[in-house]
Number of protein chains: 2
Amino acid sequence: MASRLTVVYRVRGSAASAAERAEALAVEQSVEMPVSAITDAYVREQIVGRVLGIDQIDDEVHDVRIGLAPETIGDDAGQLFNMLFGNSSLLDDVVLQDVDLPDDLVRAFGGPRHGIDGLRRRGGGRRRALTGSALKPQGLPPDDLARLAARFAEGGIDVVKDDHGLADQACSPFAARITAVAAALRGVADRTGRRTCYVPSVSGDLDRCSRQIDLARREGLDTVMVAPMIAGPANVQALVRRHPDIAFIAHPTLAGAARLAPPVLYGRLFRLIGIDGVVFPNHGGRFGYSADTCRALADAARGPWRDLAPVLPIPAGGMTPERAGEMLDFYGRDVLLLIGGALLRAGDRLIDATAAFVRAVDAHTYGD
Amino acid sequence: MASRLTVVYRVRGSAASAAERAEALAVEQSVEMPVSAITDAYVREQIVGRVLGIDQIDDEVHDVRIGLAPETIGDDAGQLFNMLFGNSSLLDDVVLQDVDLPDDLVRAFGGPRHGIDGLRRRGGGRRRALTGSALKPQGLPPDDLARLAARFAEGGIDVVKDDHGLADQACSPFAARITAVAAALRGVADRTGRRTCYVPSVSGDLDRCSRQIDLARREGLDTVMVAPMIAGPANVQALVRRHPDIAFIAHPTLAGAARLAPPVLYGRLFRLIGIDGVVFPNHGGRFGYSADTCRALADAARGPWRDLAPVLPIPAGGMTPERAGEMLDFYGRDVLLLIGGALLRAGDRLIDATAAFVRAVDAHTYGD
């Protein structure tokens, strides 16, 4: 038998109930039927999930470790999510807390094709942290978004991405938008000699996403944003395989708050399927992730994990230039600071505000 | 301006905080930036979400009603989920409680192509409730699953579906499985004159799902199961459009417990994108949905909603033949009772147990 996936579920309840819950989860996430009714020896021995251990976290919280058979997953990212947390997601007190995957499976998925180094090259190749902002609000026509992108670029920003609300709407069709923005950024680069990396958001079904990536490539772009929990993990996996020259940044929309522990979702599962950079809500912003969660997420995304390239953390969600120093102390140089609304608030002074943000990141002294 | 989407979010907190939360949600789910920094008049007037009202549910729970612009969505189901509950899903105390969609948008998506009538015809055309079971455990080879399907059919069951764990794994490749199961069921039908509807589970990226549906059609099958929250809503929408002859049953895997209120998710959003039948965890089974939730879900799935065909409720998740009468009293005749493990437990007596289950449903007297 190939070595198993180890999955840790965090459950509420007493130690006695945790033992029962563990057995139930092992069945739910594998054969989903009474084990006593299984007559096939192979299925009983190899396919049924196994309880590997139970760790008490506190009186009413336990981590149950389950071994799942890799045979149930094959090579499909959707099926991976299905087997890790499909039906268990319907239980209102279970969190997917950790996963450890066998070498074969990790190798089959392959992880990021570009990772931190690839994104760093795309963002100008500097050793320091990257700076980024977002094109918004949705509702603006392509030319207005292009003018906005040009102003960010004038301010010296490394990366400009689409807001995740920008899709392929009538007011700003994908093709028209990326053509206008790419042209505007080429114009600034010709003048300043400094390239800004534009990251359009691709959306829709797999084929629509894939066509949008083809359009982006034709505009000289090499990085896109995708929402794995809306596009579906198998479709992201397909996009990564079809477009090996493209770097992928994941947006967390629809990813939920906490039932899939953020370090697992962003640092393991998104990394596994080939995401190169992960946008996530930083602590102290508009969302509820704690500093500990953000640190664990960044550690999982960037830390060593088999032979997979590291993923660039992109903390966001209500960040301000004033927090740049603190965020760089927290995350170090392997990070992209994404500041949207707080820069846009500068209005006519946007170029100056952007330049000041970039200078602050330039001037930062890292602890390393 | 086209009429707005009305979205109801349930939030925790005092009345004073609810007003603030409402404004924040209206911005988060539309422009996602400080409104004061928006200079474009069209965006300020048409695109920014609007607070329409706040209803107190109790001291610490409020429903905030937000109007969102349909222009932000276009015709893409993924973007619909993104705008309804994308970033808000990252807030740990917000539930998507209700949605009301403009006529144009509902018409553009189109809803079920077959609905209850279409599934009823596929399940034998009787006026009574439908009976169904599942092929499991995963890990069995195609021939064993085919033999199991044949025994269910011998017992007179209307529908046999793949367990949602069955994908395209080495131990039971999709093509080999459906060929074997379809042949076995044709064999029984030739003998008994009674057709059993086989519903294979399609999985993987959009193109893989679509190829699997083509294979199913070649085997004479006309109904498939799909997991919208794993496949991604836009991809399900694409499958429905590409395969108008096929009826689609949705499995709830990865759909989460309660943050997207089940009546909205199953009865509105899945219905909108063209799902004909929805599997969901019935109350009193292995999962946590209450009887009230199940009733509201069934009402939303089957009740009148513009011109959309009604969706067949398929309560499941640890049901037993002993509960058939109670479930039929609860749901009436427009339901498919899905009983898996409890029938499989009968072992050598599976055909008899299935026949007894079907007889109980045959004999039931409905209140109508």
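Residues numbered from 1 in each chain as written. Chains lettered and ligands numbered in written order. Predicted model: local features only at pLDDT ≥ 70, side-chain atom pairs only at ≥ 80, totals over all residues. Heavy atoms only, no water.

Colleague: Summarise the overall build of chain A; cite the residues concerned and give the values.
Modeller: The number of helices and strands found in chain A is 15 helices and 12 strands. In summary, chain A has a C-alpha radius of gyration of 22 Å against a globular reference of 21 Å for 368 residues, a match within 12%. Dimensions of chain A, computed from the C-alpha atoms along their principal axes, are close to 70 × 40 × 35 Å. Long-range contacts, defined as pairs at least 24 residues apart, comprise 76% of the intrachain contacts of chain A with a sequence gap of at least 6. Accessible area for chain A stands at about 12,500 Å²; split by element, carbon and sulfur atoms hold 49% of it. (Helix = DSSP H or I, 4+ residues; strand = E, 2+ residues; numbered from the N terminus. Rg over C-alpha atoms; globule rule 2.2 N^0.38 Å. Contact = heavy atoms within 4.5 Å. Areas by Shrake-Rupley, 256 points an atom, 1.4 Å probe, with all protein chains shown as cover.)

Colleague: Outline the pattern of salt bridges, listing residues and values.
Modeller: According to the stated counting rule, one finds 54 salt bridges over all chains in the structure shown. Of the charged contacts in the structure, one is a salt bridge between aspartate 158 of chain B and arginine 126 of chain B, with a shortest N-O distance of 3.1 Å. Remark: arginine 126 of chain B occurs in the loop between α5 (115-122) and β5 (130-135) and aspartate 158 of chain B occurs in the loop between α6 (142-154) and β6 (159-162); sequence separation between them is 32 residues. By relative accessible area, which is 2% here, aspartate 158 of chain B ends up buried. Its salt-bridge partner being aspartate 162 of chain B, residue arginine 177 of chain B comes within 3.0 Å of it at the nearest N-O pair. Of this pair, arginine 177 of chain B sits in helix α7 (residues 174-192) while aspartate 162 of chain B is found in strand β6, placing the two residues 15 residues apart along the sequence. Comparing arginine 177 of chain B with aspartate 162 of chain B, the two get one shared label, buried. If you follow the salt bridges from partner to partner, you end up with Glu28 and Glu32 of chain A together with Lys136, Asp163 and Arg286 of chain B in one network. (Salt bridge = Lys/Arg side-chain N within 4 Å of Asp/Glu carboxyl O. Buried < 20%, exposed > 50% of the residue type's maximum accessible area, 1.4 Å probe, protein only.)

Colleague: Before we move on, can you summarise the sheet that holds β5 of chain B with the specific residues and values?
Modeller: Residues and elements named next belong to chain B. If you trace the four strands from one edge of the open sheet to the other, you get β7-β6-β5-β12, paired in parallel fashion. Edge strands, defined here as strands with exactly one partner in the open sheet, are β7 (197-199) and β12 (336-338). On average, each strand axis in the sheet is inclined to that of its neighbour by 25°, with strand direction left out of account. Of the strand pairs in this sheet, β5 and β12 are connected by three bridges, and their pairing is parallel. Of the residues in β12, the one forming a bridge with glycine 132 is leucine 338. Set on the sheet, α7 makes contact with β5, β6 and β7; between it and β7 the angle comes to about 170°. (Pairing = 2+ DSSP bridges. Axes fitted to C-alpha atoms, helices over the stretch in contact; angles between N-to-C directions.)

Colleague: I'd like to hear about the interface of chain A and chain B, residue by residue, with values.
Modeller: Interfaces are often sized by the amount of accessible area the parts lose when they come together. At the interface, 72 residues of chain A touch 72 residues of chain B. Counting across the interface, chain A meets chain B through 10 salt bridges. For the salt bridge of glutamate 32 of chain A with arginine 286 of chain B, the shortest nitrogen-to-oxygen distance reads 3.4 Å. One can count 34 residue pairs in polar contact (both at pLDDT 80 or more) joining chain A with chain B. Put simply, the parts of the chain that give the side of chain A that touches chain B at least two residues each are α2 (41-47), α3 (77-85), α8 (206-218), α9 (228-231), α10 (233-242) and α14 (341-344) of chain A. Broken down by element, the residue count for the side of chain A that touches chain B peaks at six residues, all from α3 of chain A. Across the side of chain A that touches chain B, the residue classes break down as 34 nonpolar, 21 polar and 17 charged. (Polar contact = N/O pair within 3.5 Å; in protein donor to acceptor, adjacent residues only side chain to side chain. Nonpolar A, V, L, I, M, F, W, Y, C, P; charged D, E, K, R; others polar.)

Colleague: Now, about the relation of the copies chain A and chain B: what can you tell me, with residues and values included?
Modeller: Rotating chain A by 180° about the axis while translating it 0.0 Å along that axis superimposes it on chain B, leaving an RMSD of 0.0 Å. Expressed as an axis order, the relation between the two copies is that of a two-fold axis. The rotation axis passes nearest to the C-alpha of glycine 232 of chain A in chain A, at a distance of 2.2 Å. A share of 100% of interface residues in chain A that are also interface residues in chain B marks the association as one of identical surfaces. (Least-squares fit on C-alpha atoms with pLDDT ≥ 70 in both.)

Colleague: I'd love a proper account of the environment of leucine 166 of chain A, names of residues and values included.
Modeller: All names here are of chain A. Considering the arrangement of structural elements, one finds leucine 166 in the loop between β6 (159-162) and α7 (174-192). Residue classification places leucine 166 among the buried residues on the basis of a relative accessible area of 1%. When the C-alpha atoms of leucine 166 and valine 48 are compared, they prove to be 44 Å apart, with 118 residues separating the residues in sequence. Look past the residues within four positions of leucine 166 in its chain and what remains in contact with it is Leu135, Gln138, Leu145, Arg177 and Ser201.

Colleague: I'd like a rundown of the packing of aromatic side chains, residues and numbers included.
Modeller: Residue and element names in this part refer to chain A. On inspection of all chains with the given rule, the structure shows 10 aromatic pairs over all chains. Ring geometry for phenylalanine 330 and tyrosine 331: centres 4.7 Å apart, planes at 70°, overall edge-to-face. With a relative accessible area of 4%, tyrosine 331 lands in the buried category. What links up through ring pairs into an aromatic cluster is the set Tyr266, Phe270, Phe280, Tyr289, Phe330 and Tyr331. Across the ring face of tryptophan 305, the terminal group of arginine 268 is positioned such that the distance to the ring centre comes to 4.3 Å. For the cation-ring pair, arginine 333 lies above tyrosine 366, with the distance from its terminal atom to the ring centre recorded as 4.4 Å. (Phe/Tyr/Trp six-rings, centres within 6.5 Å; stacked < 30°, edge-to-face > 60°. Lys NZ or Arg CZ within 6 Å of the ring centre and 35° of its normal.)

Colleague: Now, about the packing of α3 of chain A against α10 of chain A: what can you tell me, with residues and values included?
Modeller: Residues and elements named next belong to chain A. Running from N to C, α3 and α10 cross one another at 150°; their axes reach a closest spacing of 6 Å. Considering their axes alone, α3 and α10 lie roughly antiparallel with respect to each other. Once α3 is placed against α10, the crossing between them reads as right-handed. Counted together, Ala77, Gly78 and Phe81 of α3 and Pro233, Ala234 and Gln237 of α10 form the full contact between these two elements. Of the residues belonging to the contact of α3 with α10, the class tally is four nonpolar, two polar and no charged. (Parallel < 35°, antiparallel > 145°, perpendicular 65-115°, else oblique. Left-handed = near helix turned anticlockwise from the far one by under 90°.)

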